[in-house]
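As a plain string of letters, each chain reads:
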Amino acid sequence: MKYSFSGVSALVTGAASGIGEATARLLAANGLSVVVSDRDAAAVRRVVDDIVAAGGKAAANVADVSRPGEVEAAVDCAVKHFGALHFAVNNAGVGGDSGPAGEMALDVWQRVIDINLNGVAYGLRYEIPAILAAGGGAIVNMSSILGLVGAGHAPAYNASKHGVTGLTRSAALAYSAKGIRVNSIHPGYVDTPLLGRYDAATRAGLVSQHPIGRLGSAGEIAHAIAFLLSDGASFITGSALVADGGYTAQ
Ligand SMILES: NC(=O)c1ccc[n+]([C@@H]2O[C@H](COP(=O)([O-])OP(=O)(O)OC[C@H]3O[C@@H](n4cnc5c(N)ncnc54)[C@H](O)[C@@H]3O)[C@@H](O)[C@H]2O)c1
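Attention in this report is confined to the structure presented alongside it. (Residues numbered from 1 in each chain as written. Predicted model: local features only at pLDDT ≥ 70, side-chain atom pairs only at ≥ 80, totals over all residues. Heavy atoms only, no water.)

1. Remarks on the sheet that holds strand β2 (residues 33-38)
At step 1: The parallel open sheet is built from seven strands, whose spatial order is β3-β2-β1-β4-β5-β6-β7. Only two strands of the sheet have a single partner each, and these edge strands are β3 (57-62) and β7 (240-243). Adjacent strand axes in the sheet meet at a mean angle of 20° when their direction is disregarded.
At step 2: Across six bridges, β2 lies against β3 in parallel orientation. Note on β3: the bridge partner recorded for Ser-37 is Asn-61.
At step 3: Lying on the sheet, helix α3 (residues 68-82) is in contact with β1 (9-13), β2 and β3; it crosses β3 at an angle near 150°.
At step 4: Along the sheet, helix α5 (residues 155-175) contacts β5 (137-142), β6 (180-187) and β7; its crossing angle with β6, the most-contacted strand, is approximately 160°. (Pairing = 2+ DSSP bridges. Helix = DSSP H or I, 4+ residues; strand = E, 2+ residues; numbered from the N terminus. Axes fitted to C-alpha atoms, helices over the stretch in contact; angles between N-to-C directions. Contact = heavy atoms within 4.5 Å.)

2. Considerations on the site of the ligand
At step 1: In the region of the ligand, 28 residues are neighbours, and Ser-17, Asp-38, Tyr-157, Val-190 and Thr-192 sit closest.
At step 2: In the environment of the ligand, a nitrogen atom lies 3.3 Å from a nitrogen or oxygen atom belonging to the side chain of Arg-39.
At step 3: Take Lys-161: an N or O atom from its side chain is 3.0 Å from an oxygen atom of the ligand.
At step 4: Because more than half of its atoms lie within 2 Å of the grid, the ligand is assigned to the largest pocket.
At step 5: Taken together, the elements giving at least two residues each to the shell around the ligand come down to α1 (18-29) and α5.
At step 6: Partitioning the shell around the ligand into residue classes produces 15 nonpolar, nine polar and four charged. (Near = heavy atom within 4 Å. Polar contact = N/O pair within 3.5 Å; in protein donor to acceptor, adjacent residues only side chain to side chain. 1 Å grid on protein atoms, 1.4 Å probe; cavity = no way out; pocket = protein on both sides within 12 Å on 5 of 7 lines; lining within 4 Å. Sits in = over half its atoms within 2 Å of the grid points. Nonpolar A, V, L, I, M, F, W, Y, C, P; charged D, E, K, R; others polar.)

3. Some words on the side chain of Thr-168
At step 1: Residue position: Thr-168 is located in helix α5.
At step 2: In this structure Thr-168 comes out as buried when scored by relative accessible area, which is 0%.
At step 3: Among all residues touching Thr-168, those that are not within four sequence positions of it are Asn-141, Val-182, Asn-183 and Ser-184. (Buried < 20%, exposed > 50% of the residue type's maximum accessible area, 1.4 Å probe, protein only.)

4. Side note on the pairing of β1
At step 1: Summarising burial for β1: five of the five residues are buried, a large majority.
At step 2: Residues of β1 alternate between two faces, with Ser-9, Leu-11 and Thr-13 on one and Ala-10 and Val-12 on the opposite face, all of them buried.
At step 3: As paired elements, β1 and β2 share five bridges and run parallel to each other. Considered in β2, the bridge of Ala-10 is made with Val-34.
At step 4: In this fold, β1 hands off to α1, which returns the chain to β2; that crossover is right-handed.
At step 5: With three bridges connecting them, β1 and strand β4 (residues 87-90) associate as parallel partners. If you follow Ala-10 over to β4, its bridge partner there is Phe-87. (Right-handed = clockwise from strand over helix to strand, strands pointing away.)

5. Considerations on the pattern of salt bridges
At step 1: Enumeration according to the criterion identifies seven salt bridges in this entry.
At step 2: Note that Asp-50 and Arg-25 form a salt bridge whose closest N and O atoms lie 2.8 Å from each other. Remark: Arg-25 occurs in helix α1 and Asp-50 occurs in helix α2 (residues 41-53); sequence separation between them is 25 residues.
At step 3: Measuring nitrogen to oxygen at the nearest pair gives 3.2 Å for the salt bridge that ties Arg-203 to Asp-191. With Arg-203 in helix α6 (residues 200-208) and Asp-191 in the loop between β6 and α6, the pair connects residues that are twelve residues apart, well separated along the chain.
At step 4: Counted as one network, the salt bridges with shared partners bring together Glu-21, Arg-25, Arg-46 and Asp-50. (Salt bridge = Lys/Arg side-chain N within 4 Å of Asp/Glu carboxyl O.)

6. Describing the pairing of β6
At step 1: For β6, the buried fraction is high: eight of the eight residues fall into the buried class.
At step 2: Side-chain alternation along β6 places Ile-180, Val-182, Ser-184 and His-186 on one buried face and Arg-181, Asn-183, Ile-185 and Pro-187 on a second face that is also buried.
At step 3: Alignment of β5 against β6, held across six bridges, turns out to be parallel. Residue pairing across strands places Met-142 opposite Ile-185, the latter belonging to β6.
At step 4: For the crossover from β5 across α5 to β6, the handedness is right-handed.

7. Topic: the nonpolar core
Grouped burial of nonpolar side chains is what soluble globular proteins tend to show.
At step 1: Core analysis: the biggest nonpolar cluster contains 36 residues, and Leu-27, Val-34, Val-36, Ile-225 and Leu-229 have the highest contact counts within it.
At step 2: Of all elements in the fold, only β1, α1, β2, α2, β4, β5 and α7 (218-229) reach the threshold of two or more residues within this core.
At step 3: Tallying contributions element by element places α7 first for this core, with eight residues.
At step 4: Leaving out residues up to four positions away in the same chain, Leu-229 has contacts with Phe-5, Leu-27, Phe-87, Ala-88, Val-89, Ala-138, Ile-139, Val-140 and Arg-181.
At step 5: Among the nonpolar cores identified, the runner-up in size contains 23 residues, and Leu-11, Ala-78, Ile-128 and Ala-130 belong to it. (Core = buried A, V, L, I, M, F, W, Y, C linked by side-chain atoms within 4.5 Å.)

Structural data, given as structure tokens:
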């Protein structure tokens, strides 16, 4: 599937694995120059080398999204290598089984909020000025079905992803008329290393919660993200796009 973009460069965080990696590869295959950003330096190198070997354009950036200075440097990397930044995918995130709210491990709460929510906020803080300077573009923030519905076992993850939903709406209201569309994406459970901690019985239980009868793939979510960034989504901003095999329709 081919997408057309009004812009030349994109920053993808958490781009060294799973959904972020699939997104970086898809955007590069569709002609965008991509900053592959992640805290895993070796995996960043592997993804960049693969994209370049396939004829695409990519630059490596090692950054921890919970550190604002490193997120600023990731944006600078795009401007330095590709002259401007037009698109961003704030995807980096972690799971976090903190236990129910009344028993929550507070170190898990802090870590999940720092990465999943603060990381997206820092992204917006530094990406938006760069995209405005480039003449406009689009941003997709990674939320989840758990940014729309509750999960009693995961208050930190649940709150972080609901936070991303609100942050996205706020940024869309502030910047859509200035030429930046901002949307959130809400995947159901997707078969990536993030689910590696679940045993077979738990995975089967997750599958059974998806009316489509299976988990999603990273590539399926990458296509939804590419669409939201593309010219085909030119009237879509402030939306929460669900890609969940029917999970939240129940
Ligand atoms: N897999 C799912 O079922 C699912 C469902 C809904 C939403 N999501 C969200 O999708 C995003 C990607 O998840 P995935 O399933 O591809 O997981 P993944 O573990 O395969 O990839 C996550 C990537 O983010 C990176 N990362 C983690 N913390 C970081 C940090 N502080 N700074 C920079 N990079 C960091 C990791 O190194 C890794 O490369 C996450 O935000 C996750 O919450 C995943």
